[in-house]
Amino acid sequence: MNKAGQLAALLKEVRACRACEKYLPHEPNPVLRAQLKARILVVGQAPGTKVHNTGIPWNDPSGERLRAWMHVDRDTFYDESRFAIIPVGFCYPGKGKTGDLPPRPECAPLWHDKLLALLSGIRLTLLIGRYAQKFYLQNQKPTLTETVQCWREYGPKYLPLPHPSPRNLNWLKKNPWFGKKVLPELKARVAALL
């Protein structure tokens, strides 16, 4: 089987995954996208309810802000030959006291290495939020803010970002350096790979 066939088979296997089914509030619905030609990988935390219901990753206000940060439109973002989208947790984990629960711990260790072994064209991995950064970065800083401030240390392979959730508006206001230093770098690096 060629590499494209291997990836298609693996994606089918991931989408049929039921490893954490007993812990989920709804029927499992693993949400991810990938194609061999993709050069940018977006690693977020886990789908929210809207993404769970539509099966379309980043199909919510957070996705709108993320696309604005990158200066890409919906069609470009959802072009699997450009962007692979593989969250830390593939299914909606449920609600907690202050928002969605953390991504289930089973997904990333079970599937990420297998997927990345086939996605050899990835040149930039966007690590969105603390859970993605914790899984991928060996020398992660004590806080998300410090990790994002030290973004140069992780390049050119990785670029750590805060989550673009509307809940993080206060973080964005308190950290104006993010818009001045990191976002221009993000836009430039994404444009160069498209």
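It should be noted that the structure appears before, not after, this text.
Here, residues in each chain are numbered from 1, in the same order as that chain's written sequence. Owing to the predicted nature of the model, reporting of local features is limited to residues with pLDDT of at least 70; listing and counting of side-chain atom pairs is limited to 80 or more, with chain, interface and lining totals taken over all residues. Side-chain figures throughout are based on the complete set of non-hydrogen atoms in the structure, without hydrogens or water.

Engineer: How should I be thinking about the sheet that holds strand S1 (residues 40–43) in this particular structure?
Structural biologist: Strand-to-strand pairing in sheets goes through backbone hydrogen bonds, with the strands running parallel or antiparallel. We treat two strands as partners when DSSP finds at least two bridges between them. We count a stretch as a helix when DSSP gives it H or I for four or more residues in a row; a strand needs E for two or more, and each element gets its number in order from the N terminus. Judged by pairing direction, the sheet is parallel, and its four strands sit side by side in the order S2-S1-S3-S4 without closing on themselves. Only two strands of the sheet have a single partner each, and these edge strands are strand S2 (83–85) and strand S4 (158–161). Averaged over neighbouring strand pairs, the angle between their axes works out to 20° when direction is ignored. Here S1 runs beside strand S3 (residues 124–128); their pairing, made up of four bridges, is parallel. Across the sheet, the residue bridging to Ile40 is Leu124, located in S3. Packing against the sheet, helix H9 (residues 176–193) makes contact with S1, S2, S3 and S4, and its axis sits at approximately 140° to S4. Lines are fitted to the C-alpha atoms to define the axes, a helix being fitted only along its stretch in contact, and any angle between axes, read from their N-to-C directions, falls within 0 to 180 degrees. Should any heavy atoms of two residues lie within 4.5 Å, those residues are counted as being in contact.

Engineer: What's the story with the packing of helix H1 (residues 3–15) against helix H5 (residues 107–118) in this structure? I'm lost.
Structural biologist: Look at H1 against H5: their axes get within 10 Å of each other, and the N-to-C directions meet at 160°. Classified by the interaxial angle, the pair formed by H1 and H5 is roughly antiparallel. With respect to the hand of their crossing, H1 and H5 are arranged in left-handed fashion. When H1 is examined against H5, the residues Lys3, Gln6, Leu7, Leu10, Leu11, Glu13 and Val14 are found in contact with a partner set consisting of Trp111, Lys114, Leu115, Ala117 and Leu118. Under the scheme applied, nonpolar residues are Ala, Val, Leu, Ile, Met, Phe, Trp, Tyr, Cys and Pro; charged residues are Asp, Glu, Lys and Arg; polar residues are all the others, including Gly. Across the contact of H1 with H5, the residue classes break down as eight nonpolar, one polar and three charged. Angle categories are assigned with fixed cut-offs, so that under 35 degrees is roughly parallel, over 145 is roughly antiparallel, 65 to 115 is roughly perpendicular, and the rest are oblique. Should the near helix be turned counterclockwise from the far one by less than a right angle, the crossing is left-handed, whereas a clockwise turn marks it as right-handed.

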